[in-house]
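A structural walkthrough
This is what each chain is made of:
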Amino acid sequence: LDVQAALQSSNAAQAFRADLVKSTSQQESQVRDLEAQAKKMQSDFELNKGLLTQEQIQQKDLQFKKVYGEYQRQLQALQQQRAVLEKEFLDGMRPKLDQVIKALIDEGDISLIINRQSAIYVEPRIDITGEIIKRLNAQE
């Protein structure tokens, strides 16, 4: 069983990812704008470096550091927000996954389930990931 694939491939996970993108799109747009602004500032600085006084260079450097620092702060906040939401989603899905696995064990006379990542080779016919995904989707 590939637990991650089962959780990530379910309809609920796909809907969650779409909602996550939608709910964080404004923040992501702001982060991209700051990144573009920082790149433009750096590019402009490199082009005009020879024409600037030492004071102007210091001022441009300070402006760049301020914009780049804000970019990094907002990017980190966005990534952290997404990680928290993903963890909450996975924590909510885990009981459903456990219930589906338990039902499959009871129905299929299964005595052992191995995490796919722990196996060197898995015969496709004994992989239950597809069945788990199907049953997770049926729960919705």
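About the cut-offs
Residues numbered from 1 in each chain as written. Predicted model: local features only at pLDDT ≥ 70, side-chain atom pairs only at ≥ 80, totals over all residues. Heavy atoms only, no water. Axes fitted to C-alpha atoms, helices over the stretch in contact; angles between N-to-C directions. Helix = DSSP H or I, 4+ residues; strand = E, 2+ residues; numbered from the N terminus. Parallel < 35°, antiparallel > 145°, perpendicular 65-115°, else oblique. Left-handed = near helix turned anticlockwise from the far one by under 90°. Contact = heavy atoms within 4.5 Å. Nonpolar A, V, L, I, M, F, W, Y, C, P; charged D, E, K, R; others polar. Expected span 1.5 Å × (residues − 1). Buried < 20%, exposed > 50% of the residue type's maximum accessible area, 1.4 Å probe, protein only. Core = buried A, V, L, I, M, F, W, Y, C linked by side-chain atoms within 4.5 Å. pLDDT = per-residue confidence, 0-100. Salt bridge = Lys/Arg side-chain N within 4 Å of Asp/Glu carboxyl O.

**Quick word on the packing of helix α4 (residues 54-108) against helix α5 (residues 129-139)**
- Two elements in contact, α4 and α5, have axes separated by 10 Å at closest approach and are oriented at 120°. As far as their axial angle goes, α5 and α4 are oblique. Handedness of the α4/α5 crossing: right-handed. Facing α4, whose interface residues are Met93, Lys96, Leu97, Gln99, Val100, Ile101, Ala103, Leu104 and Glu107, α5 presents Glu131, Ile132, Arg135, Leu136 and Gln139.
- The residue inventory of the contact of α4 with α5, partitioned by class, reads eight nonpolar, two polar and four charged.

**Considerations on helix α3 (residues 25-48)**
- Between the first and last C-alpha of α3 there are 34 Å, a value that for 24 residues agrees with the 34 Å anticipated at 1.5 Å per step.
- Buried residues of α3: Val31, Leu34, Ala38 and Phe45, and no others.
- Contacts made by the buried residues of α3 are with α4.

**Here's the deal with the nonpolar core**
- Among the nonpolar cores identified, the biggest contains 18 residues, and Leu1, Ala6, Phe89, Met93, Leu97, Ile132 and Leu136 are the most heavily contacted of them.
- If you list the elements that add at least two residues to this core, you get α1 (3-9), α2 (11-23), α4 and α5.
- For this core, the element with the most residues is α4, which contributes six residues.
- Leave out the neighbours within four places in its chain, and Ala6 touches Leu1, Leu97, Thr129, Ile132, Ile133 and Leu136.
- Formed by six residues, the second largest nonpolar core is a distinct cluster that contains Leu34, Ala38, Val67 and Leu78.

**Re the packing of α3 against α4**
- Where α3 contacts α4, the two axes come as close as 9 Å, and the packing angle between them is 155°. In terms of their interaxial angle, α3 and α4 are classed as roughly antiparallel. With respect to the hand of their crossing, α3 and α4 are arranged in left-handed fashion.
- Class assignment for the residues of the contact of α3 with α4 results in twelve nonpolar, seven polar and five charged.

**Looking at the confidence of the model for the protein**
- Looking at the protein as a whole, the pLDDT averages 92, with 100% of positions reaching at least 70.
- Element-level mean pLDDT values for the protein span from 91 in α1 up to 94 in α2.

**Some details on the pattern of salt bridges**
- This structure, assessed with the given rule, holds 15 salt bridges.
- When the shortest N-O distance is used, the salt bridge between Asp91 and Lys87 registers 2.7 Å. Taken together, the positions of Asp91 and Lys87, both in helix α4 and four residues apart, correspond to about one turn of that helix.
- Relative accessible area serves as the criterion here: at 45%, Asp91 is assigned to the partly exposed category.
- Here the salt bridges do not stand alone but share partners, grouping Glu107, Glu131, Lys134 and Arg135 into one network.

**Points about the environment of Ile113**
- Here Ile113 shows up in the loop between α4 and α5.
- A relative accessible area of 31% means that Ile113 is categorised as partly exposed.
- Here the alpha-carbon distance between Ile113 and Asp127, two residues 14 residues apart in the chain, equals 9.3 Å.
- Those residues within four positions of Ile113 in sequence are excluded, and the remaining contacts are Leu1, Ile101, Ile105 and Ile128.

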